[in-house]
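Residues per chain are reported as follows:
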Amino acid sequence: MIRRLRLVLAACVALAGCGTVSDLEPPKGRPLPVAPRGAEATPTPKQLLTPTTQQRPERSDELLRQSDERRSDEFDLPPN
């Protein structure tokens, strides 16, 4: 059991070291994807990796700027 745990731990450490930290580029000899319909130019890799506001919307937490008295609710009746 301990031997298996060591093996799994070694595999995890080996996989963690596989990541690269350089910029993404297309493979040599292959172009970037074609420009989207309606675009005037082919986007750069950085533009393709930057999420748009539709993909990552802004928070819409509206802070309470002004407090108002609540009006009475005439349908808020006690149970029968």
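Here the structure is a predicted model, which is why all the values come from computation and not from measurement. (Residues numbered from 1 in each chain as written. Predicted model: local features only at pLDDT ≥ 70, side-chain atom pairs only at ≥ 80, totals over all residues. Heavy atoms only, no water.)

### Overview of the overall build of the protein
(1) Moving on: A count of helices and strands for the protein gives two helices and zero strands.
(2) Moving on: Put simply, the protein has 80 residues, and 1% of those count as buried. (Helix = DSSP H or I, 4+ residues; strand = E, 2+ residues; numbered from the N terminus. Buried < 20%, exposed > 50% of the residue type's maximum accessible area, 1.4 Å probe, protein only.)

### A word on the environment of Thr-44
(1) Moving on: The residue Thr-44 is located in the loop between α1 (2-16) and α2 (45-49) in this model.
(2) Moving on: Judged by relative accessible area, which is 39%, Thr-44 ranks as partly exposed.

### A closer look at a nonpolar patch on the surface
(1) Moving on: A contiguous nonpolar patch, built from Leu-24, Leu-32, Leu-48 and Leu-49 and spanning about 390 Å² of accessible area, is present on the exposed surface.
(2) Moving on: Given a relative accessible area of 48%, Leu-48 falls into the partly exposed group. (Patch = residues over 30% accessible without salt bridge, like charges linked within 9 Å, V, L, I, M, F, W, Y side chains within 5 Å. Areas by Shrake-Rupley, 256 points an atom, 1.4 Å probe, with all protein chains shown as cover. Salt bridge = Lys/Arg side-chain N within 4 Å of Asp/Glu carboxyl O.)

It is worth stressing that arrangement in space is one thing and function is another; only the former is reported here.
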